[in-house]
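Now for the letters of each chain:
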Amino acid sequence: MSIRRHLILLVLLGAAGTAVCGAGSGLAAQEAAFEDGSRLFQYDPESSADLIRAALVAVRLERGFIARSYLQRVLDRDLSSDELLEVRENVGIETFLQLNARRDAQPQAGQLLKQVNAASAALHLTADQVPQAIERLSGGTAAARKASAELLRAGDAAVPAILQSDARTRSGKQARRLMAAHPRLFRHGLVAALPTASTEDRVLAMKIMAVSGDAHLAAYLLEWQFAGEEEQVRQAAAEAVRRLWPGKDRPQTAAQAVSWLVQQVRQLLKQHGDPFYSGSDQTGKKAVALSRGAVRIAPNDAAARAVNVAALAATGGLSDGPDEAVGQAALEIALEARNGAAVLRLLKDQAACLTRAVAMPDPAVRLRAAIGLLQKDHPVRGQGLARTIVADMASGSVEPEAVVIDARGAVSTVMAGLVQDQGYDVVRCRTGQQGFDAAVGLLQCELVFVHSNCVRWGLSSTVANLRADARTARTPIVVYGPEHDRLTMERLQQTWPGIYVITEPLSEINFASELTRAQVPGPRLSRSVRERLIGQAREKQSQL
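Conventions adopted
Residues numbered from 1 in each chain as written. Predicted model: local features only at pLDDT ≥ 70, side-chain atom pairs only at ≥ 80, totals over all residues. Heavy atoms only, no water. Phe/Tyr/Trp six-rings, centres within 6.5 Å; stacked < 30°, edge-to-face > 60°. Helix = DSSP H or I, 4+ residues; strand = E, 2+ residues; numbered from the N terminus. Buried < 20%, exposed > 50% of the residue type's maximum accessible area, 1.4 Å probe, protein only. Expected span 1.5 Å × (residues − 1). Contact = heavy atoms within 4.5 Å. Axes fitted to C-alpha atoms, helices over the stretch in contact; angles between N-to-C directions. Parallel < 35°, antiparallel > 145°, perpendicular 65-115°, else oblique. Left-handed = near helix turned anticlockwise from the far one by under 90°. Nonpolar A, V, L, I, M, F, W, Y, C, P; charged D, E, K, R; others polar. Pairing = 2+ DSSP bridges. Right-handed = clockwise from strand over helix to strand, strands pointing away. Core = buried A, V, L, I, M, F, W, Y, C linked by side-chain atoms within 4.5 Å. pLDDT = per-residue confidence, 0-100.

1. Remarks on the packing of aromatic side chains
Then, in step 1: Per the counting criterion, the structure on display carries 3 aromatic pairs.
Then, in step 2: Here the aromatic rings of Trp245 and Trp260 are separated by 4.9 Å at their centres, their planes lie at 50°, and the arrangement is tilted. Here Trp260 lies in helix 17 (residues 254-272) and Trp245 lies in the loop between helix 16 (231-244) and helix 17, a separation of 15 residues in the sequence.
Then, in step 3: Residue classification places Trp245 among the buried positions, given a relative accessible area of 14%.
Then, in step 4: You can call Trp260 partly exposed: its relative accessible area is 24%.
Then, in step 5: Summarising the aromatic geometry, the rings of Phe449 and Phe511 are spaced 6.0 Å apart at their centres and angled 40° between planes, so their arrangement reads as tilted.

2. Regarding helix 25 (residues 410-421)
Then, in step 1: With 12 residues, helix 25 extends 17 Å between its outermost C-alpha atoms, agreeing within 8% with the 16 Å of an ideal straight helix rising 1.5 Å per residue.
Then, in step 2: Among the structural elements, strand 1 (401-405), strand 2 (425-429), strand 3 (445-451), strand 4 (477-481) and helix 29 (511-517) are those in contact with the buried residues of helix 25.
Then, in step 3: Downstream of helix 25 by one or two residues, Gly423 has phi in the positive range, about 100°.

3. Considerations on the packing of helix 4 (residues 48-60) against helix 5 (residues 64-76)
Axis angle and axis distance: for two packed helices, these are the angle between their axes and the distance between the axes, and together they describe the pair.
Then, in step 1: Their axes nearest at 8 Å, the elements helix 4 and helix 5 cross at an angle of 165°. Here helix 4 is positioned roughly antiparallel relative to helix 5, judged by the angle of their axes. For helix 4 against helix 5, the interelement crossing comes out left-handed. Along the contact surface, helix 4 presents Ser48, Leu51, Ile52, Ala54, Ala55, Ala58 and Val59, while helix 5 presents Gly64, Ile66, Ala67, Tyr70, Leu71, Arg73 and Val74.
Then, in step 2: A breakdown of the residues in the contact of helix 4 with helix 5 according to their chemical character gives 11 nonpolar, 2 polar and 1 charged.

4. Digging into the environment of Ala181
Then, in step 1: Relative to the assigned elements, Ala181 resides in helix 12 (residues 170-181).
Then, in step 2: Under the relative-accessibility criterion, Ala181 is labelled exposed at 54%.
Then, in step 3: Between the alpha carbons of Ala181 and Glu89 there is a distance of 20 Å; along the sequence they are 92 residues apart.

5. Structural notes on the environment of Leu217
Then, in step 1: Turning to its location among the elements, Leu217 is positioned in helix 15 (residues 217-227).
Then, in step 2: Measuring from C-alpha to C-alpha, the distance between Leu217 and Arg170 comes to 30 Å, with 47 residues separating the pair along the chain.
Then, in step 3: When residues no more than four places from it in sequence are discounted, the contact partners of Leu217 are Arg187, His188, Val191, Met209, Ser212 and Leu244.

6. Observations concerning the pairing of strand 4
Then, in step 1: Across the 5 residues of strand 4, 5 count as buried, placing the element largely inside the fold.
Then, in step 2: Neither face of strand 4 is open: one carries Ile477, Val479 and Gly481, the other Val478 and Tyr480, and all of them are buried.
Then, in step 3: Relative to strand 4, strand 3 runs parallel, the two being bridged by 4 bridges. Residue Phe449 lies in a different strand from strand 4, and its bridge partner there is Val478.
Then, in step 4: Running through helix 27 (residues 459-468), the crossover from strand 3 to the neighbouring parallel element strand 4 is right-handed.
Then, in step 5: Summarising the sheet, strand 4 and strand 5 (residues 499-503) pair through 5 bridges and their orientation is parallel. In the sheet register, Tyr480 faces strand 5, and the bridge partner there is Ile502.
Then, in step 6: Read as a crossover between parallel neighbours, the route from strand 4 over helix 28 (residues 486-495) to strand 5 is right-handed.

7. Concerning the nonpolar core
Then, in step 1: Membership of the largest hydrophobic core comes to 98 residues, with the highest contact counts inside it found for Leu151, Met206, Met209 and Val343.
Then, in step 2: Among the elements that make up this core, the one with the highest residue count is helix 19 (residues 302-315) (9 residues).
Then, in step 3: When residues no more than four places from it in sequence are discounted, the contact partners of Leu151 are Leu125, Val130, Ala133, Ile134, Leu137, Ala158, Leu178 and Phe186.
Then, in step 4: In terms of nonpolar packing, the next biggest core, distinct from the first, is built from 30 residues, Ile52, Ala55, Phe65 and Tyr70 among them.

8. With respect to the confidence of the model for the protein chain
Then, in step 1: Considering every residue of the protein chain, the mean pLDDT works out to 89; 92% of them sit at 70 or more.
Then, in step 2: Residue range residues 1-38 is modelled with pLDDT below 50. Its contacts to residues more than four positions away, or to other chains, number 49 contacts.

Next comes the structure, spelled out in structure tokens:
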């Protein structure tokens, strides 16, 4: 019987109170009263799907011990992959995710979600299997239904094979109908397939994307609207862009489209170089794709060519050196975006470029620029900072470096020990100003821990100064303190990027888990990179 029809909740509080009184007080008594969960529902759930639904009800009623018992019963059944997928289809993946988000349902909820994910991954089609699934679309009802489900799971990966299938056959037609019926599942694959698709399939792809509801696709279709080789493709792209981007700010001409794309790439390069912005790999790929679109629309446009070079440099795709004018313009874009990877590949020896680069957040860029400035045979602006950078890096640590700012004496010593246990070379400071001076004087400070009761500077001033200096502008800052200071600490998160909050008490038992819970990032520089930077700095220092 379905739990949705027959699992009727009892008056929970009264029943729980009676049971606890009979068995004693405390958690042990409650677990004894609800050992098998039978007191929570009028009917005990039996099927795996019903047990999982019952577990979700239990955690919502704050009966985690009952939820765990239900989930353990499912785990004890050792379900096959087909059975797990059947349960997933029955209850929905969101149910597993909701349970996994609850601490009181662990570890059973996490174990079950891993099993379901593994079963789902095993069903993903390989590139060789997609054409076979397309062929099965023309089979009987059961076979066609199963093949459709496989192709939907494959999503974007199935697009090339679908477009390569013969549209005149029954299976080819069915595959295209399936793609048209589920535009959001296949939309990114359709964008990627446009360069190699036939004219007919390009038009089909535009029509499908037009009804996907994903406004971001319009940016990728501008090049096909203004630089498409076939008139029907240009018309289809224009209609898709119009439907996806209905506002009046939509580019109306090729020049407007290029200008808009250039501005988008500039913004993407800023995000790509920012460690606090998630998804940098996808951001870099998007920057390259949009910049190539701008160049395709206007091959001789200087701004389009410059952002394309900057995007390629940022993602490591720049093979041939650009001409002088384009390279200089690309470097200006990279410097403005503070994109370290792009600057490092485009940096020139002109004093003006080096002076700007020496104040970059990326330590490799800073050192490269500092060495370049110190090699000048005449005084130039920035050489004083360059000497400081070389000296700081020469004396840096091969281990990740961190600073602890805490005025509480013995307590700060304990805190520094906890951070050191995580593999960091730690500098302990009593005041905010001392902590700032220590952080900017390292090879590259990977973490700053600052207590909420920071003194001389106060907490806000300390954080503001750390963010204002290029050497610590992108250093994660962990603010810690008692629970009653949480609101003050969380306000800093709304003001500055890269702020993480953990509350006391902290000990060797919970410190690592608190860092994980707050999603504090780990070190960005590897030991080998640090050794290389230290070696380069010491070599230059020996020449001074």
